[in-house]
Amino acid sequence: MTKPVLRERILAARRAVPAQVRLAEATALQTHLRAAFRPGDTVCGYVPVGSEPGSPAMLDALDTARVRVLLPVARARQPMQWGAYSPGRLVAAPFGLREPAPPWLGPEAIGTAAAVLVPALAVDRRGVRLGRGAGFYDRALPLADPAARLIAVVRDDEVLDELPMEPHDVPMTHVVTPGRGIVALAMRE
């Protein structure tokens, strides 16, 4: 199955998830993520939009635990920058996203993170991630610390046996789902 067909099917399935199930899953993700980091850690996160798993409350929970959270600042044809998260201070951004107001940090700020929470439509057991196709994370992830955990955030049924892989795909080291928590993935050879 091609990536565009997979994207269409997964997005349709996500839209069909009832609001109360989304809320319960977001609460479970928040609990898993808060337990995974220590005060003083830096984590690159993102603000979930639409039917993406999670909620801004997971960012608030990390902030309350004194974890430094950096959020992406995405602009067409530019490397992704990063902004420090402060609860209640996000502004509207391109692509229907929300982001921190300036000042922003450069693309290399991802290299300070112990973990990068990566939005995904699906991930396979080898770490191959299916994103939305814009390539922002494929370009940003090579700048991450090689020891950082790259954690795809998906629903339980979005961990698949195998996804199509392209040479530019950066493998995830972990996945977090509402039901399984954070799980290490088998890295591709």
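What you are looking at is a predicted structure, and each value in this text was computed from that prediction instead of being measured.

Conventions used here
- Residues numbered from 1 in each chain as written.
- Predicted model: local features only at pLDDT ≥ 70, side-chain atom pairs only at ≥ 80, totals over all residues.
- Heavy atoms only, no water.
- Helix = DSSP H or I, 4+ residues; strand = E, 2+ residues; numbered from the N terminus.
- Rg over C-alpha atoms; globule rule 2.2 N^0.38 Å.
- Buried < 20%, exposed > 50% of the residue type's maximum accessible area, 1.4 Å probe, protein only.
- Contact = heavy atoms within 4.5 Å.
- Pairing = 2+ DSSP bridges.
- UniProt positions renumbered as here; feature names shortened; annotations may be inferred.
- Expected span 1.5 Å × (residues − 1).
- Arc of directions from axis to C-beta.
- Salt bridge = Lys/Arg side-chain N within 4 Å of Asp/Glu carboxyl O.

Trainee: Quick question: what am I supposed to make of the overall build of the protein chain here?
Mentor: Within the protein chain one finds four helices and twelve strands. Over its C-alpha trace the protein chain gives a radius of gyration of 15 Å, about what one expects of a compact globule, namely 16 Å for 189 residues. Expressed as lengths along the three principal axes of its C-alpha atoms, the size of the protein chain is roughly 40 × 35 × 30 Å. Looking at the protein chain residue by residue over its 189 residues, the buried ones come to 49%. Taking the intrachain contacts of the protein chain between residues at least 6 apart in sequence as the baseline, contacts between residues at least 24 apart amount to 67%.

Trainee: Help me understand the pairing of strand β12 (residues 181-184), please; the structure alone is not making it clear to me.
Mentor: Looking along a regular strand, one sees side chains alternate from face to face of the sheet. Pairing between strand β11 (residues 174-177) and β12: four bridges, direction antiparallel. Bridge pairing in β12 links Val-176 to Ile-182. Counting the residues in the hairpin turn of β11 and β12 gives three residues.

Trainee: I'm lost on the UniProt feature "binding site: substrate" (unreviewed entry) in the protein chain in this one. Help?
Mentor: Residues given the UniProt feature "binding site: substrate" (unreviewed entry) here are Val-47 and Glu-52. Topologically, Val-47 is positioned in the loop between β1 (42-44) and α3 (56-64). Along the polypeptide, Glu-52 turns up in the loop between β1 and α3.

Trainee: Help me understand helix α2 (residues 19-36), please; the structure alone is not making it clear to me.
Mentor: Given 3.6 residues per helical turn, the α-helix brings residues three or four places apart onto the same face. Spanning 18 residues, α2 covers 26 Å between terminal C-alpha atoms, matching the ideal 26 Å at 1.5 Å per step. Looking at α2, one finds that the buried residues are Glu-25, Ala-26, Leu-29 and Leu-33. Viewed end-on, α2 has its buried residues packed into an arc of 105 degrees, placing them on one side of the element. For α2, the exposed residues set more than 90 degrees away from the buried face come down to Gln-20, Leu-23, Thr-31 and Ala-35. The elements touched by buried residues of α2 are α3, β6 (115-119), β9 (149-153), β11 and β12.

Trainee: Help me understand the environment of Ala-186 in this model?
Mentor: Examined against the element boundaries, Ala-186 turns out to sit in the segment after β12. When its relative accessible area of 49% is taken as the criterion, Ala-186 is described as partly exposed. The spacing of Ala-186 and Asp-124 is 62 residues in sequence and 9.2 Å in space, taken between C-alpha atoms. Those residues in contact with Ala-186, other than ones at most four positions away along the chain, are Arg-125, Arg-126 and Gly-127.

Trainee: Help me understand the pairing of β11, please; the structure alone is not making it clear to me.
Mentor: Here β11 shows a buried face lined by His-174 and Val-176 and a second buried face lined by Val-175 and Thr-177. Here β9 runs beside β11; their pairing, made up of three bridges, is parallel. By the bridge assignment for β11, Ile-151 is matched with His-174.

Trainee: Please clarify how the pattern of salt bridges should be interpreted in this entry.
Mentor: Think of it this way: side chains of opposite charge can pair up when their charged atoms draw near. One pass over the full model with this rule turns up ten salt bridges. Put simply, Asp-41 and Arg-38 hold a salt bridge, and the shortest N to O gap is 3.9 Å. Its salt-bridge partner being Glu-52, residue Arg-132 comes within 3.8 Å of it at the nearest N-O pair. Here Glu-52 lies in the loop between β1 and α3 and Arg-132 lies in the loop between β8 (129-130) and α4 (136-140), a separation of 80 residues in the sequence.

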